[in-house]
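Listed below, chain by chain, are the residues.
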Amino acid sequence: MKKYMLVLFSYGGLKKINEHLEKNIKPNDKLLLRALLVKEAPKLFEHLISDVGFLGEKVVSDVENSVVDIYQENAKDYLDEIAEMAAARGFKLDKKLIEEQNLENIKKEIKESDLDGIFINFSHNEFVSNQVKEDELKKWLKKIKLPQDIFYDGEKKND
Amino acid sequence: MFKYLKEIVKYTGIIFFIILLVMPTMTGLNPAGQRALAVFVLVLSFWVSHVLPLSVTSLLGIALLPLLNVMTIEYTFSLFGSKAIFFILGALILASGLYQTGLGSRLAFNIISFSGKSPLKLLYGILFTAAFLSLIMPEHAVAALLFPIVLEIAVSLDLKRLESNYGKLLFLTMAWGTVIGGITTYLGGARNLLAVGLLEKHYRISIGFFEWIKYSWPIPFLLLIVFAVIIARFAKIDIEDTSRSLEKLQAESEAKGSFSKAEKKLVLILGSVVFSWLFLSNLINIAVTALLGGVLVVALRVVDWQEVESYVNWGVILMYGGAVVVASSLVETGVTDWMAARFFSQLELAPFLFIILLAIFTSILTEGVSNVASVAVILPLAFSAAEAYNLNPVILTLSVALSGGLAFLLPMGTPPNAIAFSSGYYQIKDALKWGLVLKVIGWLIYILVARFYWPLIGLEVFI
């Protein structure tokens, strides 16, 4: 029995992520799914308020709320979808929604879980992903030498 | 990569600013002109690199001009009080009414609901709604207003992010509809009025509200038609039925009920304002009408002042004001004359080719730089060329302002693109693929309009 973790910073290209899981996770393996629950879109906010946008705060927060709502909905839908996949393919699933500021907890969990590999789906869309956290996590993963498959919106891009 | 490029632009601007300040005055240029050029280079590099918020960079430009004795403090500050700035102010208050009362989204729901069950017609519904609303309110506000509606359509149709081609088309159509519509009137993109403000300041030539539409309309009209044809013929629509989203839209539309009192008042105010802009502009300046419209919106309690303030980002006024001041300083101190003699008169280019290249260059610059900054930077240079080639400054103003609005490629080019991109339904490469096609078609349409339509209505290339 092997143990993997899938961390989702992006909900783009999930079809390809699912194909990757189907290929790699065998019956009786365990998958820890950690899906990011976006609470704000700070880059988008800043961009629309002062870089090119000049939109009023109310308008920008309306746009930001729409973005956050849809991301949260995507996160919950995907947890349901992956639960169905786990039941159909016979692997164990431990799913959890995480918040961005809890990145330290994720690191701790990765360390303690004795994983055989980790899959992460980042995004190139800077308005909805936090590039600072991405660099931080990638550097840290390199340090601990855990086998990893890195995706950007479903496209595999291992360093 | 963008990060490094921005750093390079920032430091290049600072270095050239210092060099221009300390080096001996260049032949043919007076000392004040050289310092104005230094400020222009610094402000340009800051606008491009976003070192500071755009409005703060504008303030820096306004402060540096009297500090460096380019112009007197009284004159510098008086340039801020341009008619264009006050028109924009009034128009923003009017647009806040459209947004806050829900009249804008009611219009959007009603128009899109007409599209029926066909996926293609739904795309057309979004495209034409976006373009139509951008005739009467700023394009970025239209994108913000349509965004939740389009997002709801995508969710109700269960379109998967980055996987559904129809999902990509929905958001790109929304963004590009507003971009195309936004160049038609002064209300869609305030850069249009900024350009006319600069024209008026330097040549004492004015372009009225209706006159602008008379010049501009063929470009958005033809672009919309071509884009509609591209969607129908070449885009892959990977769903067959949109009845689920139609039901949702109709339900939302019905839930809005009949027109509220505030909406009725706003319709009356907007009707009167537009009537005045179109038919009474000889009697009442369009900026005065815009201000009166803004006053009426608050006085008749369509929206209260707090709501207006939460809608309007006053930074835009600082940005536009600063752009007017910095651009004007180049003309006032003779920098544009110097550039005309030094550079443009040496160029061996056919004048019409020069105009085309200018439009193309502006439309490329606007992809990476705020379109207001593009217009503020390019137009004074274009005026230099007008003097060197005896070109009609109205044609140059139209060429820069209209091209400066057509940003299709990158999210940083214009807010509608950024808003659509934040949906996560498409990647930059998708926007590049279709946007580049649209961009080239836009250039071709512009060439046809400049070559055949404008002379037909009395707008000649030469004066």
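As the structure is a computational prediction, the values presented were derived from the model and not from experiment.

## Observations concerning the overall build of chain A
Reasoning step 1: Secondary structure assignment for chain A yields five helices and six strands.
Reasoning step 2: The order of helices and strands in chain A, counted from the N terminus, is β-α-β-α-α-β-α-β-α-β-β.
Reasoning step 3: Its C-alpha atoms give chain A a radius of gyration of 17 Å, within 12% of the compact-globule value 15 Å for 159 residues.
Reasoning step 4: The buried share of chain A, taken over its 159 residues, is 53%.

## Describing unusual backbone geometry
All names here are of chain B.
Reasoning step 1: Positive phi values are uncommon outside glycine, yet D158 reaches one of about 60°.
Reasoning step 2: Locating D158 in the fold gives a position in the loop between α8 (139-156) and α9 (165-182).
Reasoning step 3: Within the chain, L162 stands out as a residue other than glycine whose phi angle is a positive 65°.

## Concerning the domain arrangement of chain B
Residues and elements named next belong to chain B.
Reasoning step 1: Annotation of chain B at the domain level lists domain 1 (1-80) and domain 2 (82-302 + 334-457).
Reasoning step 2: Spacing between the C-alpha centres of domain 1 and domain 2 amounts to 29 Å.
Reasoning step 3: Both sides of the domain 1 and domain 2 interface together cover about 1,200 Å² of buried area, and 80% of this is carbon and sulfur.
Reasoning step 4: The largest contributions to the domain 1 side of the interface with domain 2 come from F40, W47 and F80, which together make up 32% of the buried area.
Reasoning step 5: Our count for the domain 1 to domain 2 interface comes out at zero salt bridges.
Reasoning step 6: At the boundary of domain 1 and domain 2, one finds two residue pairs in polar contact (both at pLDDT 80 or more).

## Here's the deal with a nonpolar patch on the surface
Residue and element names in this part refer to chain B.
Reasoning step 1: Taken together, W217, F221, L222, I225 and V229 make up a surface patch of nonpolar side chains, about 440 Å² in accessible area.
Reasoning step 2: Take L222: it is sitting in helix α12 (residues 218-234).
Reasoning step 3: For L222, a relative accessible area of 34% corresponds to the partly exposed category.

## Side note on the interface of chain B and chain A
Reasoning step 1: With 35 residues of chain B in contact, the opposing surface of chain A contributes 33 residues.
Reasoning step 2: Taken over both partners, the interface formed by chain B and chain A buries close to 2,700 Å², and the fraction arising from carbon and sulfur atoms is 64%.
Reasoning step 3: Among the residues of chain B in contact with chain A, B:R161, B:N313 and B:S422 are the three that bury the most area, contributing 21% of the side total.
Reasoning step 4: Across the contact surface, chain B and chain A share zero salt bridges.
Reasoning step 5: On inspection of chain B and its partner chain A, the count reaches nine residue pairs in polar contact (both at pLDDT 80 or more).
Reasoning step 6: Elements supplying a minimum of two residues to the side of chain B that touches chain A: α3 (54-67), α5 (83-101), α8, α16 (305-311), α17 (315-332) and α22 (415-421) of chain B.
Reasoning step 7: The element that contributes the greatest number of residues to the side of chain B that touches chain A is α8(B), accounting for six residues.

## Structural notes on the pairing of strand β4 (residues 117-122) of chain A
All names here are of chain A.
Reasoning step 1: The element β4 is extensively covered by neighbouring structure, given that six of its six residues are classed as buried.
Reasoning step 2: Neither face of β4 is left uncovered, since the one carrying G117, F119 and N121 and the one carrying I118, I120 and F122 both have all their residues buried.
Reasoning step 3: Relative to β4, strand β1 (residues 3-8) runs parallel, the two being bridged by five bridges. Paired with Y4 across the bridge in β4 is G117.
Reasoning step 4: Pairing analysis gives five bridges linking β4 to strand β5 (residues 148-152), with the strands arranged parallel. Of the residues in β5, the one forming a bridge with I118 is Q148.

Quick notes on the rules
- Residues numbered from 1 in each chain as written.
- Chains lettered and ligands numbered in written order.
- Predicted model: local features only at pLDDT ≥ 70, side-chain atom pairs only at ≥ 80, totals over all residues.
- Heavy atoms only, no water.
- Helix = DSSP H or I, 4+ residues; strand = E, 2+ residues; numbered from the N terminus.
- Rg over C-alpha atoms; globule rule 2.2 N^0.38 Å.
- Buried < 20%, exposed > 50% of the residue type's maximum accessible area, 1.4 Å probe, protein only.
- Domains from an automatic or database assignment.
- Buried area = accessible area lost by both parts, 1.4 Å probe.
- Salt bridge = Lys/Arg side-chain N within 4 Å of Asp/Glu carboxyl O.
- Polar contact = N/O pair within 3.5 Å; in protein donor to acceptor, adjacent residues only side chain to side chain.
- Patch = residues over 30% accessible without salt bridge, like charges linked within 9 Å, V, L, I, M, F, W, Y side chains within 5 Å.
- Areas by Shrake-Rupley, 256 points an atom, 1.4 Å probe, with all protein chains shown as cover.
- Contact = heavy atoms within 4.5 Å.
- Pairing = 2+ DSSP bridges.

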